[in-house]
Amino acid sequence: MLPLPKVAYVTSRVVTTFGQNPTIRNALHLQPSPSSSSKTNSPGSNYFQQNKGSSKPLHNFFDQASGGSKGSRFTHGYLGASRVVTQVQPVIVNDTSYTQSDDSEEVVTIKHVSPRQPQARRYRSHSLSYTPQEAAQKLSVLSTVQLHARSKHAFTQALTTDDIVPDLVDSAPSTPPLARRNSTASVTRPDTPLIDTLPPPLPVPETLPPIVNQTDNLHNTHTSQSSEHYRAFVHARSSGDHEVALLAVNNFRAALAAKLVDPSIYEFNAALEALYHTRPRGSPLADIQDLYNTMISLGVHPNVRTHITLVLAHCDRDHEVVWALNGIEQKLKSQRILNPSAEYSLSSEDQARKDALEKENNFASAVSLFQILRTMPHKEHLQIQLFSSLLSCCAHYGAVDIAIMVWEIVEQHSLQPSAVLYKSMIQTFARVGELNAAEDVFADFREQSAAGRIAWGSSGSQPSSRAAVRIWNVMMEAYFKCGKPDMAVGLLQEMLEPRQPDTRPELPSPAPSTYTTIIAGFCNSGDYQSAMTWFNTLVTQPSSPGFSFDPSPLPSRPDALAYRVLLETLSQRTDALPAMNAVWSKLLEFSAQDGIEIRLHDRCHVAQTNLAAVRSLLTAASGEALSEECLNECSEHLAVAQSTVLSQSPISTYVAGIWEAYFDLGLPTHAMDFAMPLFNQQTSISPGFRAHLTHFAQLAAAQNWEKCSSGLVSFGYAIALINLMYRSRMEVHPRLHLYLMQQYYYAREQSMTKMELSHKQLKALCVAGATLEMVEPHHRPNFAGLVPLLEDLVQQKYNISQPLGEHDVRQHVFSALMYDRSAFQVKSLIGELGLESVFKTQLDTTEPATATPSPSIAPSPISDNGLSEAEPDTPLTNPPEMIWDFFTRNLGKGKVPAPYTLSRLCQIFGRAKDVEKVKVIYNVAQSILASMESNKQLQSDAWFLFEDGMIIAMAQAGEIDAAHVHRQRILEQGGAPSADAYGGLILNVKDTTDDTSNAMALFNESQSLHVVPNHYLYNNIISKLAKARKADAALDLFTRMKASGIAPSSITYGAVIGACARVGDAASAEALYAEMVSVPNFKPRIPPFNTMMQLYTTTKPNRDRALFFYHEILKYSVHPTSYTYKLLMEAYALEPLDIPRMEAVFQELTDNHRVELQGTHFATLINAYGCVAKDLDKALAAYDYVFHHPRKPVIDALVFEAIANVCVAHRRIDLMPQFVTKMSEVGVHMTAYIVNVMIKGFAALGDIDSARELFESLVDPPEGIAALHNHAPHEASKMPSVNPMEPVFREPSTWEAMVRAELGSGTRDRAVALIERLESRKYPEAVVSRIRGILIDHSQVL
């Protein structure tokens, strides 16, 4: 024997070890003997090993006339009616093994072979037929089974042997109605929710083979393939549309009820097949069962073809139900993995769905149908797919007797068995511990394979080798399940034996999945040490794993499933943490080059296990300080846990567990360094984010920073945390302000010189001090007070007039000073601080006495209720409903928030489009203003806050006119709205004929009033300019923004890049893109990438550059959107046209259910086929496909616009009426852009009258208002619902199209008249000038 590769020597050692350890071998207690070679006489031990030495042929035929069987190679003595009955009602056997997916496994078509001739004695299997004595014994048993099958109707109602009509050419027993299964299968009609997590479909034959001399043809006197209903069923089946099939079936039923047609098995079979082939995956069998019951009620006998369809349908449904039940359990398991500390149980919805699914017993129905089927004539037309589906179900349930019965029919009809059948047989026996029987099946497979009598399939790379690998893998799994790991390793050793390639198809080389099977087998056996031995050997191999089932004589590194199995197994053992961390380290090392995606579950397993180890060490310490050794060990565990978190990871429970552990260990600086970058990179401020940040801040505030950090460092952390909360628009609790002040005092004590404090830090200190000044003293321990803080800042010569110059900060500090002091005291304090100029306005209007609010409704001072969920002190971080409840409860007690908070409340409910609540809050604000009569300055400031908040609220709510009312009030009082208010007004300037001019007027007004622009204002005005193609103005503002010290965000860059792209300035767009990605804090977002792709697909067509920016999307791990896929398809539609790649992108999109499939994708296909490739037929086929696509995309006007362009390009405007009719049928509103195309088409054909009639049928929008209903959004889900009967409004492009048409027809005077009409519509001069220019140069009038 030639030397084995290195990995095989490890195999030999493991085999030796196992040979000495019968306990490991017998792990599942299914094999009583410690010997690895002996066989017992347990049931099923002679399935494949009967009659050694017999020369009887292997294929025996079922003789119905004799009422029995001559036996099968797989029939065992305990096969009887009682066993069949037991296994028809199977119990699912839990199987925790890990297997590679067989979804791509091929199913071969029928291939009949001649019975094999008697052979000489074989050393492994011999003839597997019965001896004459055994055959006689089996005869009575099989007869019993046959009678039992006939005595049970497929759907639980009994038949007798008298019901069988043997002389009828192809009739089945007289069958009572089909009973439903008390589950989702009994729910009617397609509005039933489908199983949402569906398995890969079982392979379905394209066509059922023709049946010769059957009832189908005998009853053909009144119906044939020319039958209207038959043709409808064939069409429905070919369309793949279940709704079409249902319509055809309902029409057929109606015709039967009206006695317009005679019932025929021929048409019923076609109807059943149409329903079967179009049934949406995961939907119940109700429609099929109803049609079957109708057939029975009309006295039509089911035939072979009927039963084939029903068996396949019930097998498919069983496969789906099993997958769905597993999905429900996996969902629960996933929740527990992500947050093991929480108690999870199935939701009521999932529990009800699970109960309903468990009541189905589709496998029992399939078996009963098959038992009837095998008693019928003409069963020589049964196909391998039927047996494959049944045996696949048997493998899942461990239904040994039924599997034997199925295999018997395969042999009886001389069908060449496929590799799939052998695999299912091995799995069936292995599931119930029948190892000897599984070995016999495997031995027979090897013998038949060597003789060339196995059907492998015909497509794909090395199909026979892949199929052989699968069978060897399942045999190894069988050995592990039955406690024989040494035998499994022995099989692998045999596969590694050197040999010439392609000389032994039954003996493939190992594939990556083979080694994973070994690792998983040891893991499931509880022997993780052996699994790690294999893993450690494989991970040193030089090559990456290829396709899981591609054999190779040289081993590769472990595949993704091997890592998954090991991590899940090792995470459940307290003694395997070092091994798990070693596996994780290798996964991080090789994942990129081996193409392995690291799942969130894998990260959670590693993190949670290491965190559990840390918690265990903390618990063992019992509150005592950890030793240095334990602390180092905890730090190592946390370093591993931290390595599971990506820099872009969302904040989750397991991520929070890491920083919590750092805080528990007294390592707050580690917690800050880990968590703060994660918080800062979050782009979505969700309630979950706020909850995590609040909890993190509480933990940070509770730390003893003096023990673990210097004052400057801890103060820096505190400032960063407070600023993060402000940036996230979260109200900071007084306790956190106290934490900030404590760190400032600590840093101040340690600092020998003046600390460098930025404007933001000074502002944070002033706000914190003012807030704490208004908190009860017992809630602010060690806080010296606001005045000492201001004195300290002034003494150190900090320029505090800068932060106090901001209106909100100045007002907050002044209110705090006035909180428990008289006006005289406040004036004196401010004078001593030298801040008279800062507070001049407040001091000039302050009365000598303190203001006393109305006793009925008064602003309440900030109180410390704690950050509790029951009574949150910072309600603005909660959902609007909770905020409203909090507000109204306190309002009933005579308490209202401060003016600033009330203004924020208006904005929150304006954003929620709840105008009524905004009005209520505004009325409350008026009451507060009335209570401030004694303090005019305070009243004025509060009034400004309320009016400014109303501008923002009404603008966000879409009530733009109301927003301008409040804007005008502020202007009339000599004030100016805030930058946020102007930003909101500009954002909501829309639906006018000149949005940009109106937006710029608002921006210029803000600058004339000396409003300092912020991010929000700059982004909105630049976006408006970009959409209007005013690139120069947008770039000018962009430059001003940077010069003012405001760093552009990804949103800003996206807007200004879009401005350059729209005018075709590719150089500037490229330069801005390069600048954007080079910014240190760059946060990639999809819009700029899409804009660059659009530039090179539309404005400056360049496929290479468009694809470059698509790869940039992948490089920065940004998720492509539906619009991205559209642009990618358009890139391949550029010249030279690359149809295959465009179709590949479309197929990728179709398979990616996370991205919405939209009408615009079909429009791209239609345009590419019809306008670029000039293939009208293919364009029409793509148009038709959108209405029958399984994902049922939202159909929008872009689809019809694309087909209209195709019609014009091919001068087939005569086709348009049918498309216009279809638009109305599917509820799509006509758009001006489709009319533009039709005008162009009519003009090109010389039919100017039709073009004029079409133009005049449109309506002009009101002056100054943009045309409605003509634009489809990028996201189909945001498409507004528009009645198709709504008028179609003209766009400027409609005028342009009609002017060109008139010029093309030689009627210049009409073109001039059109432009005069256009001018009266008050369109922007730029628009009118562009169209007027056509009169000067109309070299291309169409």
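Scroll up a little and you will see the structure.
These figures come from a predicted structure and were not determined experimentally.

**Student:** Any chance you could explain a positive patch on the surface here in plain terms?
**Tutor:** A contiguous patch of positive charge on the surface is contributed by R729, R911, K913, K990, K1027, R1029 and R1062. Relative to the assigned elements, R1029 resides in the loop between α43 (1015–1027) and α44 (1031–1043).

**Student:** What should I look at first to understand helix α46 (residues 1066–1078) in this one?
**Tutor:** For an α-helix, 3.6 residues make a turn, and residues three or four places apart therefore share a direction. End to end, α46 covers 18 Å across 13 residues, agreeing with the expected 18 Å (1.5 Å per residue, within 8%). Within α46 the residues assigned to the buried category are A1066, A1069, E1070, L1072, Y1073 and M1076. Within α46, the buried residues cover an arc of 165° as seen down the axis, which keeps them to one side. α46 presents A1067 and S1078 as exposed residues on the side facing more than 90 degrees away from its buried surface. Looking at the buried positions of α46, the neighbouring elements they touch are α44, α45 (1050–1062), α47 (1086–1099) and α48 (1103–1115).

**Student:** Looking at this structure, how should I read the nonpolar core?
**Tutor:** In this structure, M1142, I1166, F1200, I1234 and I1239 are the most contacted members of the largest nonpolar core, which totals 152 residues. Aside from chain neighbours lying at most four places away, what touches I1239 is A1251, L1254, F1255, T1294, A1297, M1298 and A1301. One finds F387, M405, A430 and F522 within the second-largest nonpolar core, a separate group that totals 127 residues.

**Student:** Whenever I open this one, the packing of helix α14 (residues 400–412) against helix α15 (residues 419–431) confuses me. Can you help?
**Tutor:** The angle between the axes and the distance between the axes are what describe a pair of packed helices. At their nearest, the axes of α14 and α15 sit 10 Å apart, and the two run at 155° to each other. Regarding the angle of α14 to α15, the classification is roughly antiparallel. Handedness of the α14/α15 crossing: left-handed. Along its contact with α14, which presents V400, A403, I404, W407 and V410, the element α15 presents L421, Y422, M425, T428 and F429. Taken together, the residues of the contact of α14 with α15 break down into 9 nonpolar, 1 polar and no charged.

**Student:** Explain the pattern of salt bridges to me, please; I cannot follow it from the model alone.
**Tutor:** Pairing of side chains with opposite charge becomes possible as their charged atoms draw close. One pass over the full model with this rule turns up 37 salt bridges. As a salt-bridge pair, R237 and E273 come within 2.9 Å of each other at their nearest N and O atoms. Of this pair, R237 sits in helix α6 (residues 228–239) while E273 sits in helix α8 (residues 265–278), placing them 36 residues apart in sequence. Among the residues examined, E273 registers a relative accessible area of 5% and is labelled buried. Residue E273 is joined to R305 by a salt bridge in which the shortest nitrogen-to-oxygen separation is 2.6 Å. On the criterion of sequence distance, the pair formed by E273 in helix α8 and R305 in helix α10 (residues 304–338) is long-range, its members being 32 residues apart. Judged by relative accessible area, which is 13%, R305 ranks as buried. Beyond isolated ion pairs, a larger network of salt bridges with shared partners links R279, R317, E320 and E360.

About the criteria used
- Residue positions within a chain follow its written sequence, with the count starting from 1.
- Only residues with pLDDT of at least 70 get local features here, since the model is predicted, and only at 80 or more are side-chain atom pairs given and counted; chain-wide, interface and lining totals rely on the full set of residues.
- Neither water nor hydrogens contribute to the side-chain values; these are computed over all heavy atoms in the structure.
- Like charges are joined within 9 Å and nonpolar side chains (Val, Leu, Ile, Met, Phe, Trp, Tyr) within 5 Å, but only among residues with over 30% relative accessible area and no salt bridge; these make up the patches.
- Methods summary: accessible areas were calculated by the Shrake-Rupley approach with a probe of 1.4 Å, and residue burial reflects only the protein chains presented.
- Whenever a carboxyl oxygen of Asp or Glu lies within 4 Å of a side-chain nitrogen of Lys or Arg, that contact is scored as a salt bridge.
- In this tally Asp and Glu are treated as negative and Lys and Arg as positive; neither His nor the chain ends contributes.
- Taken as the charge centre is NZ of Lys, CZ of Arg, CG of Asp or CD of Glu, depending on the residue.
- Helix and strand definitions here come from DSSP, where helices need a minimum of 4 consecutive H or I residues and strands a minimum of 2 consecutive E residues; each element is numbered from the N-terminal end.
- Under the convention used throughout, the expected extent of a helix is 1.5 Å for every residue step, that is, one less than its residue count.
- The buried label applies to any residue whose accessible area, calculated with a 1.4 Å probe on protein chains only, is under 20% of its type's maximum; exposed applies above 50%, and partly exposed to all values in between.
- Note that the arc is computed from the directions linking the helix axis to the C-beta atoms.
- Two residues form a contact once any of their heavy atoms are found within 4.5 Å.
- Among buried residues, the Ala, Val, Leu, Ile, Met, Phe, Trp, Tyr and Cys ones that are joined through side-chain atoms within 4.5 Å form a nonpolar core.
- Orientation is described by lines fitted to C-alpha atoms, with helices fitted over the stretch in contact, and by angles between N-to-C directions that extend from 0 to 180 degrees.
- Comment on the angle field: the value is read as roughly parallel under 35 degrees, roughly antiparallel over 145, roughly perpendicular from 65 to 115, and oblique elsewhere.
- Crossings are classed by handedness, with left-handed meaning an anticlockwise turn of the near helix from the far one by less than a right angle and right-handed meaning a clockwise turn.
- Ten residues, namely Ala, Val, Leu, Ile, Met, Phe, Trp, Tyr, Cys and Pro, are considered nonpolar, four, namely Asp, Glu, Lys and Arg, are considered charged, and the remaining ones, Gly among them, are considered polar.

In short, the description is geometric, and any link to function would need to be established separately.
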